[in-house]
Amino acid sequence: MRKKIVAGNWKMNTLPAEGVALAKGVAAGKGEVCDCVNFIVCPPFTHLHSVVETLKGTNIAVGAQDCATEVKGAYTGEVSAQMIAALGCKYVILGHSERRQYYGETSETLNKKMARAYENGLTPIYCVGENLEEREAGRHFEVCKQQIEEVVFNLSEEQFENLVIAYEPVWAIGTGKTATAEQAEEIHAYIREVLRSKFGAKAEECSILYGGSCKPSNAAEIFSKANVDGGLIGGAALKAEDFLAIGKAF
Ligand code: PGA
C-alpha cells in the first residue's frame with residue numbers, strides 16, 4: 001500500500017510566530033484525521049527550527065522548500081541539506097515550478113540537490129509539471145517524462161524507494177484553476193508508467209501527489225483516483241482548518 005500524504009508548501013508566507021501558531025493548529029486537529037494520512041508541513045527556512053520543536057511528539061513531519069546544490073562552504077545565502085537534516089526535518093521539496101521558473105533551476109541543478117538530500121537522509125518531494133503553453137500544445141506527457149528521466153532516472157533503486165513525486169501543472173498553481181480529477185489521474189498513471197519502465201514493480205510503491213489549487217472542496221474527488229496518493233498544498237495549507245479538511249478528504 002502506498003503512503004497517503006498531505007504536504008503543505010507554505011512558500012514565502014507566515015512570520016515565525018504565525019508559522020508556529022499554524023503548526024499548533026494542525027497538530028491540534030490531527031486527531032480527527034485518519035492515522036493513515038501522513039502530514040508534512042514545509043515552512044520557510046527561518047522557522048523550520050521552531051516548527052520542528054512545536055511538532056515534536058506529534059506524527060507531523062517537517063520539510064524544507066529547497067536546499068543548496070553544494071555540501072558546505074562559501075555560498076552566501078544558501079542553506080545546506082545537512083543543516084536542514086540537523087534541525088530534524090525529514091523532507092525537502094525539490095524542483096518546484098516556482099524555483100524552475102524564477103530561479104532558473106534545471107535538471108543539472110536538481111541532480112545535485114537530490115544527491116545532497118539523500119546524503120543527509122532527507123526524502124525529496126520532487127515536483128514535475130507542464131505550463132499552460134505546453135498543456136495547450138498537448139506536450140504535458142513529454143514534459144513530465146523529461147523532468148523524470150533527467151533526474152529521477154539517475155537515482156539508485158534504494159534512493160527511489162525514498163522518493164515522493166508531486167505532479168503540479170503550472171497553470172493550476174495559485175490560479176484557482178484545478179486540473180480535473182480525470183486530468184490528474186491520466187497524468188499520474190502516465191508518470192507511474194514512466195517510473196515502471198525504469199524501476200519496475202517499485203513504481204507501485206511511490207506516492208505521487210497532486211498539486212495546484214487543491215482545496216477542501218475538490219480534494220476528495222482528486223484523491224479518489226487510483227494513482228493520486230495525496231496532495232502538495234499551497235494556499236490552502238496556510239489555514240489549519242483547510243489543511244486538515246484536505247487530510248479528511250481521503
Ligand atoms: P497552490 O500551490 O495550492 O496554492 O496552487 C501548490 C504548490 O505550488 O505547491
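Residues numbered from 1 in each chain as written. Predicted model: local features only at pLDDT ≥ 70, side-chain atom pairs only at ≥ 80, totals over all residues. Heavy atoms only, no water.

**Student:** Looking at this structure, how should I read the pattern of salt bridges?
**Tutor:** Two side chains of opposite charge can pair, provided their charged atoms sit close to one another. Tallied over the entire structure, the rule returns 17 salt bridges. Through salt bridges with shared partners, a single network forms among Asp66, Arg99, Glu105 and Lys113. (Salt bridge = Lys/Arg side-chain N within 4 Å of Asp/Glu carboxyl O.)

**Student:** I keep staring at the site of the ligand and nothing clicks. Help me out?
**Tutor:** In the region of the ligand, 13 residues are neighbours, and Lys11, His96, Glu168, Gly174 and Ser213 sit closest. Taking Gly174, its main chain carries an N or O atom lying 2.7 Å from an oxygen atom of the ligand. Taking Gly234, its main chain carries an N or O atom lying 2.9 Å from an oxygen atom of the ligand. For the shell around the ligand, a count of residues per class yields four nonpolar, seven polar and two charged. (Near = heavy atom within 4 Å. Polar contact = N/O pair within 3.5 Å; in protein donor to acceptor, adjacent residues only side chain to side chain. Nonpolar A, V, L, I, M, F, W, Y, C, P; charged D, E, K, R; others polar.)

**Student:** Help me understand the side chain of Arg135, please; the structure alone is not making it clear to me.
**Tutor:** Here Arg135 is to be found in helix 6 (residues 132–136). Of the polar contacts made by the side chain of Arg135, one reaches the side chain of Tyr167; its length is 3.1 Å. With residues up to four places along the chain from it excluded, the contact list for Arg135 reads Glu130, His140, Tyr167, Trp171 and Gln183. (Helix = DSSP H or I, 4+ residues; strand = E, 2+ residues; numbered from the N terminus. Contact = heavy atoms within 4.5 Å.)

**Student:** I keep staring at the packing of helix 7 (residues 140–149) against helix 9 (residues 181–199) and nothing clicks. Help me out?
**Tutor:** Two measures define how a pair of helices packs: the angle their axes make with one another and the distance between the axes. The geometry of helix 7 relative to helix 9 is characterised by a closest axis approach of 10 Å and an angle of 40 degrees between their N-to-C directions. One finds that helix 7 runs oblique with respect to helix 9. Pair helix 7 / helix 9 crosses with right-handed handedness. Contact residues: His140, Phe141, Cys144, Lys145 and Ile148 in helix 7; Glu186, Ile187, Tyr190, Ile191, Val194 and Leu195 in helix 9. Split into classes, the residues belonging to the contact of helix 7 with helix 9 amount to eight nonpolar, one polar and two charged. (Axes fitted to C-alpha atoms, helices over the stretch in contact; angles between N-to-C directions. Parallel < 35°, antiparallel > 145°, perpendicular 65-115°, else oblique. Left-handed = near helix turned anticlockwise from the far one by under 90°.)

**Student:** Help me understand the packing of helix 1 (residues 16–29) against helix 11 (residues 240–248), please; the structure alone is not making it clear to me.
**Tutor:** Contact pair helix 1 / helix 11: the axes reach a minimum separation of 9 Å and the direction vectors enclose 40 degrees. Taken together, the axes of helix 1 and helix 11 are oblique relative to one another. The interaxial crossing formed by helix 1 with helix 11 has right-handed handedness. Between helix 1 and helix 11, the residues in contact are Leu22, Gly25, Val26 and Gly29 and Ala240, Phe243 and Leu244, respectively. Along the lines of polarity and charge, the residues of the contact of helix 1 with helix 11 split into five nonpolar, two polar and no charged.

**Student:** Any chance you could explain the pairing of strand 2 (residues 37–42) here in plain terms?
**Tutor:** The two faces of the sheet receive side chains in turn, since in a regular strand these alternate between them. Of all six residues in strand 2, five are buried, a share of seventy percent or more. Relative to strand 2, strand 1 (residues 4–9) runs parallel, the two being bridged by six bridges. Bridge pairing in strand 2 links Asn9 to Cys42. Chirality of the crossover, the property in question, places the unit of strand 1, helix 1 and strand 2 among those that are right-handed. (Buried < 20%, exposed > 50% of the residue type's maximum accessible area, 1.4 Å probe, protein only. Pairing = 2+ DSSP bridges. Right-handed = clockwise from strand over helix to strand, strands pointing away.)

**Student:** Even after reading the chapter, I still don't get the sheet that holds strand 3 (residues 61–64), so can you show me in this structure?
**Tutor:** Backbone-to-backbone hydrogen bonds pair the strands of a sheet. The strands run either parallel or antiparallel. Taken together, the eight strands give a closed barrel; going around it, the order is 1-2-3-4-5-6-7-8, and neighbouring strands pair in parallel fashion. Strand-to-strand, the axes of this sheet are offset by a mean angle of 25 degrees, without reference to chain direction. Relative to strand 8 (residues 230–233), strand 1 runs parallel, the two sharing four bridges. When the sheet's bridge partners are listed, Val6 is paired in strand 8 with Gly231. In the packing of helix 11 onto the sheet, the strands contacted are strand 1, strand 2 and strand 8, and the crossing angle to strand 2 comes to about 150 degrees.

**Student:** Would you mind showing me how to read the nonpolar core here?
**Tutor:** If you look at soluble globular proteins, the nonpolar side chains tend to sit buried side by side. Val152, Leu163, Ile165, Ile191, Leu195, Tyr210 and Phe223 are the most contacted members of the largest nonpolar core, which has 67 residues in total. Broken down by element, this core gets its largest block of residues, eight residues, from helix 9. With near-sequence residues (within four places) excluded, Tyr210 lies in contact with Tyr167, Pro169, Ala172, Thr178, Ala179, Ala184, His188, Ile222, Val228, Gly230, Gly231 and Leu232. By size, the runner-up hydrophobic cluster in this structure holds 13 residues, among which are Ile5, Cys42, Ile125 and Val164. (Core = buried A, V, L, I, M, F, W, Y, C linked by side-chain atoms within 4.5 Å.)

**Student:** Please clarify how the layout of surface pockets should be interpreted in this entry.
**Tutor:** Here the largest pocket is characterised by a volume of approximately 460 Å³. Lining the largest pocket are 14 residues, with Lys11, Met12, Gln65, Arg99 and Tyr103 positioned closest to its centre. Ranked by residue count, the leading element in the lining of the largest pocket is helix 4 (residues 97–102), at three residues. Grouping the constituent residues of the lining of the largest pocket by class yields seven nonpolar, three polar and four charged. (1 Å grid on protein atoms, 1.4 Å probe; cavity = no way out; pocket = protein on both sides within 12 Å on 5 of 7 lines; lining within 4 Å. Points joined across faces, edges and corners; volume = space filled by probe spheres on them.)

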